[in-house]
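Descriptive analysis of the structure
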Amino acid sequence: KPSAIQSAAIPVALLGKDVIAGAVTGSGKTAAFMIPILERLVYKPSNVPTTRVIIITPTRELAIQIADVGKKIAQFLPKVSFGLAVGGLNLRQQELQLQKKPDIVIATPGRLVDHLKNSMNFNVDSLDILVLDEADRMLDMGFEDQLREILSFIRPDKQTLMWSATWPKEVRNLAADFMSPDAIQVNVGSQGLQASKTITQKFEFCSRFEKKDVLIKHMETI
């Protein structure tokens, strides 16, 4: 059964419309943009590899999480390839991965700019869909210049899906520059930084860095 944001956003995204969507953390927004993306890729020409989707997100951890969700949803589809372009991981390995032109590339802004400028055989000339996930957080982290530089590499007729928990003036300005004037806005629930009620949040204070590593490994098992 789809969540509220999935029910609202997926049909609009399937029409090829630009979507400005607001939903709290834990509401199922990753599937809300990943499902229409995969539906579109099912019908892509498969004889020539090319990157058709870029998903930009503020952190490496979120990028890896999105990739994991996407692979799970796509496991029974015709082969769809995923690539990462994120900071903190081996640059050369990423270059080799991107040279194979994966269908979907999930990236952080700074590293994506680096690859667009310096990685051989990687480009976004055939891009069909651009996703900006947690746009407000990316602006808070100072990525506006990188986002606008990325925009200069992308043809204007792509579909854009923008997600943001809050809508300050800076995010609205970014949406105006990245998206078509007839973009459809979809909001579910109250807007803000609170998480979904289905998420349990806990704080664990660590007195030593070694304990932090042990705690993280424990959390991965629960």
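An account of the accompanying structure is given in this report. Everything quoted here is computed from the prediction, not taken from an experiment. (Residues numbered from 1 in each chain as written. Predicted model: local features only at pLDDT ≥ 70, side-chain atom pairs only at ≥ 80, totals over all residues. Heavy atoms only, no water.)

Side note on the pattern of salt bridges
Summed over all chains, the structure comprises eleven salt bridges. Among the salt bridges present, the one from Lys29 reaches Glu134, with a minimum N-O distance of 4.0 Å. Here Glu134 lies in the loop between strand S5 (129-132) and helix H6 (135-140) and Lys29 lies in helix H2 (residues 29-42), a separation of 105 residues in the sequence. Arg52 is paired through a salt bridge with Asp128; the nearest N and O atoms lie 3.5 Å apart. Of this pair, Arg52 sits in the loop between H2 and strand S2 (53-56) while Asp128 sits in the loop between helix H5 (109-118) and S5, and the two are 76 residues apart along the sequence. With respect to class, Arg52 is no different from Asp128; both count as buried. A network of salt bridges, in which partner residues are shared, links Lys29, Asp133, Glu134 and Arg137. (Salt bridge = Lys/Arg side-chain N within 4 Å of Asp/Glu carboxyl O. Helix = DSSP H or I, 4+ residues; strand = E, 2+ residues; numbered from the N terminus. Buried < 20%, exposed > 50% of the residue type's maximum accessible area, 1.4 Å probe, protein only.)

A closer look at the pairing of S2
Alternating residues of S2 divide into Val53 and Ile55 and Ile54 and Ile56, and every residue in both groups is buried. Across four bridges, the pairing between S2 and strand S4 (residues 104-107) is parallel. Among the inter-strand pairings, Ile55 is bridged to a residue of S4, identified as Ile106. (Pairing = 2+ DSSP bridges.)

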